[in-house]
Amino acid sequence: MSGTGVGAVPVAQSDLDVVAEQLGRAPRAIRAVAARCPSGHPAVIQTNPRLEDGTPFPTLYYSTCPRLNSAVSTLETTGLMKEMTERLATDEDLAAAYLRAHESYLAERDALGSLGTQVTAGGMPGRVKCLHVHVAHALAKGPGVNPFGDEALELIRDQWPTGACAAG
Ligand SMILES: [Zn+2]
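In this numbering scheme, every chain counts its residues from 1 along its sequence in written order. Only residues with pLDDT of at least 70 are given local features in this predicted model, and only at 80 or more are side-chain atom pairs given and counted; all residues enter the totals for whole chains, interfaces and linings.

The name given to the protein in an unreviewed UniProt entry is Septum formation initiator family protein, and the organism recorded there is Actinokineospora bangkokensis.

Structural notes on the environment of leucine 75
What counts here: Only DSSP runs of H or I covering at least 4 residues are called helices, and only runs of E covering at least 2 are called strands; the numbering of each starts at the N terminus. The exposure scheme places C-beta atoms from the backbone and then counts, for each residue, the other C-beta atoms within 10 Å of its own, assigning buried at 20 or more, exposed at 12 or fewer, and partly exposed in between. In this description, a residue-residue contact is defined by the distance between C-beta atoms placed from the backbone, which must lie within 7 Å.
As for its placement among the helices and strands, leucine 75 is situated in helix H2 (residues 66-76). On the basis of neighbour counts, which here come to 20 C-beta atoms within 10 Å, the residue leucine 75 falls in the buried class. The spacing of leucine 75 and leucine 155 is 80 residues in sequence and 8.1 Å in space, taken between C-alpha atoms. Apart from the residues within four sequence positions on either side, leucine 75 is in contact with Leu80, Leu131, Ala152, Leu155 and Ile156.

With respect to the sheet that holds strand S2 (residues 42-47)
Strand pairing in a sheet takes place through backbone hydrogen bonds and is either antiparallel or parallel in direction. Rule in force here: When DSSP locates at least two bridges between a pair of strands, those strands are taken to pair. In this analysis, axes come from line fits to C-alpha atoms, helices being fitted only over the stretch in contact, and the angle between any two N-to-C directions falls in the range 0 to 180 degrees.
Spatial strand order, S1-S2-S3: three strands in an open sheet with antiparallel pairing. The two strands at the open ends of the sheet, each matched to only one other strand, are strand S1 (30-36) and strand S3 (61-63). Pairs of neighbouring strands in the sheet enclose a mean axial angle of 30°, with direction left out of account. Set on the sheet, helix H5 (residues 131-141) makes contact with S1, S2 and S3; between it and S3 the angle comes to about 110°.

Some thoughts on the nonpolar core
The test is simple: Each nonpolar core reported here comprises buried Ala, Val, Leu, Ile, Met, Phe, Trp, Tyr and Cys residues connected via C-beta atoms within 7 Å.
Ala34, Val44, Val135, Ala136 and Leu139 are the most contacted members of the largest nonpolar core, which totals 43 residues. Apart from the residues within four sequence positions on either side, valine 135 is in contact with Ser63, Val72, Gly149, Ala152 and Leu153.

Overview of the pairing of S2
On any regular strand, side chains alternate: one points to one face of the sheet, the next to the other face. With six of its six residues buried, S2 lies for the most part within the structure. Hairpin connection between S1 and S2: a loop of five residues separates the two successive antiparallel strands, and glycine 40 in this loop has a positive phi of roughly 115°. Of the strand pairs in this sheet, S2 and S3 are connected by three bridges, and their pairing is antiparallel. Across the sheet, residue valine 44 finds its bridge partner in S3, namely serine 63.

Some remarks on helix H3 (residues 80-90)
Defined as follows: It is the directions from the helix axis to the C-beta atoms whose arc is reported.
Within the span of H3, buried status applies to Met81, Met84 and Leu88. Angular distribution of buried residues about the axis of H3 spans 60°; they occupy a single face of the element. Exposed residues lying more than 90 degrees from the buried face of H3 are Lys82, Glu83, Glu86, Ala89 and Thr90. Taken together, the buried residues of H3 touch H2, helix H4 (92-112), H5 and helix H6 (147-155).

Considering unusual backbone geometry
Geometrically, the link from methionine 124 to proline 125 is a cis peptide bond, its omega value of -5° lying close to zero. Structurally, proline 125 is set in the loop between H4 and H5. Of note, the amide linkage connecting tryptophan 160 to proline 161 takes the cis form, showing an omega dihedral of -5°. Examined against the element boundaries, proline 161 turns out to sit in the segment after H6. Even without being a glycine, alanine 29 presents a positive backbone phi close to 55°. Within the secondary structure, alanine 29 sits in the loop between helix H1 (13-23) and S1.

Rendered as structure tokens:
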């Protein structure tokens, strides 16, 4: 049922089971595991642009690790998103990098199936509305693609990955 989008490698049942446990429900429209915690469990999943019933699902990358999500949620309470949004108005290089992140996100999603919209996720490219989106994007694509995802990961480095999510 899941993970069967065009060109997708089927997601292992063991990963689907872990994601279901992480989310507390069956994962929807999962296409691939896009990043893992060092201990091996899925940390970010890639979803198809539409759910099984056809509902648009514009968030291409979705963080599933509870420890990661908890650390990012705590970060969101600090007012960081407002500060990041304000910096977009004064830092041209940052704004350009954030626009590239948006364009990359959209191009990748459109390649899987166009939703007929330029809207991506997390407030891109003009605002910063959800750090989970940016962290998921940064983990899926690696450093240098989503500047705010990279920043957020740096800020939570002492909290994640730790414990069961850490290697070893
Ligand atoms: Zn984890």
